[in-house]
Amino acid sequence: EAKKLYFDLPGIGRVHAMPGGTLNPGGFNRAKKLSDVGVVGHTEEPVAPSLSFKIAAKKGDGLSQRSLSDLVDVNVTVTSDDGKTFMVRNCVTTQPAALSDGEFDIAMEGDSVEEVG
């Protein structure tokens with residue numbers, strides 16, 4: 001089971017991600033639909049694939065809040081420490097990259113996720 005994820009960003013390469021990053025493959029949120037006499041089915045709401053992680057800001061690494069905040073239509077490679085590799089296609093940064101305690105907080109969404117290795 002994976003305990004650590006590694007993130008590779010186009011034009012930047014592998015970033016110094018802190019432990020605790022997440023990859024949500026997307027799909028559907030589902031909830032049971034209820035009538036006054038019981039369950040009558042369910043509802044579905046599509047959910048985009050998403051990534052969230054923190055990057056340690058290191059002197060001389062060339063990363064800036066602006067460049068991280070402005071990522072649009074990039075394919076992000078995510079590799080887990082158990083050897084699986086995923087491609088998250090057409091990612092966008094969904095909120096400005098906040099800098100706190102020497103770490104950039106990154107949130108992204110993509111169109112699809114495929115296991116590539």
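Residues numbered from 1 in each chain as written. Predicted model: local features only at pLDDT ≥ 70, side-chain atom pairs only at ≥ 80, totals over all residues. Heavy atoms only, no water.

A.B. asks: Just to check I follow, could you spell out the pattern of salt bridges for this structure?
C.D. replies: When charged atoms on two side chains of opposite charge get close, those side chains can pair. Scanning the entire structure with this criterion turns up 5 salt bridges. Across the pair arginine 14 and aspartate 8 runs a salt bridge, and its minimum N-O distance is 3.1 Å. What makes arginine 14 partly exposed here is its relative accessible area of 46%. For glutamate 114, the salt bridge identified is with arginine 89, shortest N-O distance 2.9 Å. With a gap of 25 residues between them, glutamate 114 in strand 11 (residues 112-115) and arginine 89 in strand 8 (residues 85-93) connect regions that are remote in the sequence. According to the relative accessible area criterion, arginine 89 is partly exposed, its value standing at 28%. (Salt bridge = Lys/Arg side-chain N within 4 Å of Asp/Glu carboxyl O. Buried < 20%, exposed > 50% of the residue type's maximum accessible area, 1.4 Å probe, protein only. Helix = DSSP H or I, 4+ residues; strand = E, 2+ residues; numbered from the N terminus.)

A.B. asks: Would you mind showing me how to read the nonpolar core here?
C.D. replies: A general tendency of soluble globular proteins is for nonpolar side chains to be buried together. Formed by 20 residues in total, the largest nonpolar core has its most connected members in Leu51, Phe53 and Met108. Elements represented by at least two residues in this core include exactly strand 1 (5-9), strand 6 (50-56), strand 7 (74-80), strand 8 and strand 10 (103-109). Setting aside its immediate chain neighbours within four residues, methionine 108 contacts Leu9, Pro49, Ser50, Leu51, Phe53, Leu71, Val74, Val76, Cys91, Val92, Thr93 and Thr94. (Core = buried A, V, L, I, M, F, W, Y, C linked by side-chain atoms within 4.5 Å. Contact = heavy atoms within 4.5 Å.)

A.B. asks: I keep staring at the environment of lysine 59 and nothing clicks. Help me out?
C.D. replies: For lysine 59, the position within the fold is in the loop between strand 6 and helix 1 (65-69). When the C-alpha positions of lysine 59 and threonine 43 are compared, they lie 48 Å apart, and in sequence the two are 16 residues distant.

A.B. asks: Explain the pairing of strand 6 here, please?
C.D. replies: The side chains of a regular strand alternate, residue by residue, between the two faces of the sheet. Here 3 bridges tie strand 3 (residues 22-24) to strand 6, and the two strands are oriented antiparallel to one another. Bridging across to strand 6, threonine 22 finds its partner in serine 52. Of the strand pairs in this sheet, strand 6 and strand 10 are connected by 7 bridges, and their pairing is antiparallel. Bridging across to strand 10, lysine 54 finds its partner in aspartate 105. (Pairing = 2+ DSSP bridges.)

A.B. asks: How should I be thinking about unusual backbone geometry in this particular structure?
C.D. replies: Phi is positive for asparagine 90, which is not a glycine, with a value near 55°. Structurally, the position occupied by asparagine 90 is in strand 8. Here aspartate 101, not a glycine, exhibits a phi torsion of approximately 50°, which is positive. Here aspartate 101 lies in the loop between strand 9 (98-100) and strand 10. Here aspartate 101 falls in the exposed class, since its relative accessible area comes to 75%.

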